[in-house]
Amino acid sequence: MIEEQAIVVSSEAGIAEVEIVRRSTCGACSARSGCGVSLLDRVLGRRPQRLLLVDKLKVRAGDEVIVGIPEGALLKAAVAAYMVPLVGLLAGALLGDLMLSDVAGVLDQGWPLLTGVLGFVAGLVVTRLYSRRLATDPRWRAVLLRRVTQSLSVGLPRVP
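Residues numbered from 1 in each chain as written. Predicted model: local features only at pLDDT ≥ 70, side-chain atom pairs only at ≥ 80, totals over all residues. Heavy atoms only, no water.

## Details of helix α2 (residues 71-99)
Helix length check: α2 (29 residues) gives 40 Å between terminal C-alpha atoms against 42 Å at 1.5 Å per residue, within 8%. By the largest-angle criterion, Ala80 marks the main kink of α2, which is about 30 degrees. When α2 is considered as a whole, its buried residues turn out to be Ala73, Ala80, Pro85, Gly88, Gly92 and Gly96. (Helix = DSSP H or I, 4+ residues; strand = E, 2+ residues; numbered from the N terminus. Expected span 1.5 Å × (residues − 1). Bend = angle between axes of the 7 residues up to and from the residue. Buried < 20%, exposed > 50% of the residue type's maximum accessible area, 1.4 Å probe, protein only.)

Printed below as a string of structure tokens:
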């Protein structure tokens, strides 16, 4: 189980809304000045992630909690997000090159590029459909694991 600390924003009817502030290790990395992730982080800023979770702990707004996500969920999401579109791109380009290699003319080199882009788009569609299916499976959802502190956060209203 991968764990992350979060703050409860609200809790009602057995559902807790928690806010996770993403942290980065960019400050400790020697490649931070030339890294794309570090650049995107500076340009886009850090936006907190909010999740709606089943509240079995009876938490209140302001409570600091530990949220867990199964390791398998992260691995499946990474494979779906990175590998499926890449495989689609390469398969589309190879298929276009093999099927249309006999066609002579100016577009001879353009067909593999076009079919590669179509394969990439198909990979993105497959990834979207797969991620929607994973999102409905309760085995892969984030869960509240435990409280760290109770209502110590500043600025969040208490819910009675």
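Next comes the rest of the write-up.
## Re the pairing of strand β1 (residues 2-12)
Two faces, one strand: in a regular strand the side chains alternate between the faces of the sheet. In the sheet, β1 pairs with strand β4 (residues 64-69) via six bridges, with the strands oriented antiparallel. Bridging across to β4, Ala6 finds its partner in Val65. The pairing of β1 with strand β2 (residues 15-20) spans five bridges and is antiparallel. Residue pairing for β2: Ser11 is matched across the bridge by Ala16. Here β1 folds back onto β2 in antiparallel fashion, the turn holding two residues, of which Ala13 has a positive phi close to 55 degrees. (Pairing = 2+ DSSP bridges.)

## Quick notes on the pattern of salt bridges
The tally for this structure, following the rule as stated, stands at four salt bridges. Here Glu3 makes a salt bridge to Arg146, at a shortest N to O gap of 2.9 Å. On the criterion of sequence distance, the pair formed by Glu3 in strand β1 and Arg146 in strand β5 (residues 143-149) is long-range, its members being 143 residues apart. By relative accessible area, Arg146 is classed as partly exposed at 39%. For Glu17, the salt bridge goes to Arg50, with nearest N and O atoms at 3.4 Å. With Glu17 in strand β2 and Arg50 in strand β3 (residues 49-54), the pair connects residues that are 33 residues apart, well separated along the chain. Put simply, Glu17, Glu19 and Arg50 are held in one network by salt bridges that share partners. (Salt bridge = Lys/Arg side-chain N within 4 Å of Asp/Glu carboxyl O.)

## A closer look at helix α3 (residues 110-136)
Between its first and last C-alpha, α3 extends 40 Å over 27 residues, near the 39 Å set by a 1.5 Å rise per residue. Taken residue by residue, α3 has Pro112, Thr115, Gly116, Gly119, Gly123, Thr127 and Leu134 as its buried positions. On the buried face of α3, the contacting elements are α2. (Contact = heavy atoms within 4.5 Å.)

## As for unusual backbone geometry
The phi dihedral of Ala13 is positive, around 55 degrees, even though this residue is not glycine. Along the chain, the position of Ala13 falls in the loop between β1 and β2. On the accessibility criterion, Ala13 (82% relative accessible area) is exposed. Phi angles above zero are rare outside glycine, and Lys58 is one such case at about 55 degrees. One can find Lys58 in the loop between β3 and β4. Residue classification places Lys58 among the exposed positions, given a relative accessible area of 63%.

## Considerations on the sheet that holds β4
To summarise the sheet geometry, strands pair through backbone hydrogen bonds and adopt either a parallel or an antiparallel arrangement. Pairing within the open sheet is antiparallel, and its five strands lie in the order β3-β2-β1-β4-β5. Strands at the two margins of the open sheet, each flanked by one partner only, are β3 and β5. Between one strand axis and the next, the sheet turns by 40 degrees as a mean value, whatever way the strands run. (Axes fitted to C-alpha atoms, helices over the stretch in contact; angles between N-to-C directions.)

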